[in-house]
Amino acid sequence: MNTKPVGKPRNAGVVLLLGFVTLGIYTIVWYYKINNEVKMHDASQNFSPGLAACALFIPIANLVSLYNTANRIKLMQKADSSNDLISPGAALVWAILFGIGYPIYVQGSLNNHWHEYK
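Residues numbered from 1 in each chain as written. Predicted model: local features only at pLDDT ≥ 70, side-chain atom pairs only at ≥ 80, totals over all residues. Heavy atoms only, no water.

1. Concerning the side chain of Asn 111
For the record, the criterion: Note on conventions: DSSP H or I runs of at least 4 residues are helices, E runs of at least 2 residues are strands, and numbering of each starts at the N terminus. Each polar contact in these results corresponds to two N or O atoms within 3.5 Å; when the atoms are within protein, one needs to be able to donate a hydrogen and the other to accept it, and residues that are neighboring in sequence are counted only if both atoms are side-chain atoms. Every residue pair with non-hydrogen atoms within 4.5 Å of one another is taken to be in contact.
Here Asn 111 lies in helix 6 (residues 101-117). At 2.6 Å, the side chain of Asn 111 and the backbone oxygen of Arg 10 are in polar contact. Look past the residues within four positions of Asn 111 in its chain and what remains in contact with it is Lys 8, Pro 9 and Arg 10.

2. Overview of helix 5 (residues 88-97)
For the record, the criterion: Only protein chains enter the accessibility calculation, which uses a 1.4 Å probe; a residue is then buried when its area is under 20% of its type maximum, exposed when over 50%, and partly exposed in between. Throughout, the arc means the angular range of directions from the helix axis out to the C-beta atoms.
Taken residue by residue, helix 5 has Pro 88, Ala 91, Leu 92 and Ala 95 as its buried positions. Along helix 5, the residues classed as buried sweep out an arc of 100° about the axis, all on the same side.

3. Thoughts on the pattern of salt bridges
Selection rule: The salt bridge definition used is simple: a Lys or Arg side-chain nitrogen within 4 Å of an Asp or Glu carboxyl oxygen.
Inspection of the entire model under this criterion finds 2 salt bridges. Among the salt bridges present, the one from Asp 80 reaches Lys 4, with a minimum N-O distance of 3.1 Å. With a gap of 76 residues between them, Asp 80 in the loop between helix 4 (61-79) and helix 5 and Lys 4 in the segment before helix 1 (12-21) connect regions that are remote in the sequence. Classification of Lys 4 by relative accessible area gives partly exposed; the value is 30%. The closest approach of N and O atoms between Arg 10 and Glu 37, which form a salt bridge, is 2.8 Å. Here Arg 10 is found in the segment before helix 1, whereas its partner Glu 37 is found in helix 2 (residues 25-41), with 27 residues between them in sequence.

In C-alpha cells form, the structure reads like this:
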C-alpha cells in the first residue's frame, strides 16, 4: 500500500476551458495545484508552489518555472520508478509554440502517473 498522497486526475480539456472562461485565472490556480501535489507526493523536492505560480507573471522566469515544473514531475516519476517519463524540454516547446499544449501535455503526464501509482 502506498502512503504518499496521490494528486487529483484532471481532464486537460476542462483545465483549458476553465482557463479560457476565467481569463487565465484558473490556469494559475491549476499550476499552483499541480506544483503543490508534486511537493506533497515527493517531499524530497524543496520548492514553493506559490513562488512557482508567481513566476508565471515575470518574463523569462515564467519559462524557467514551466520547465522546472515539468522537471519536478519527471523527478517524481523517477523516484516512483515510473515507466512513462515526461520530457521537460518537450513541455517547454509546447508552452512556447502552442501555449495550450502545455496543460494538455503536463496534465496528461500527471494523470498517467497518478493512475499508475494507485
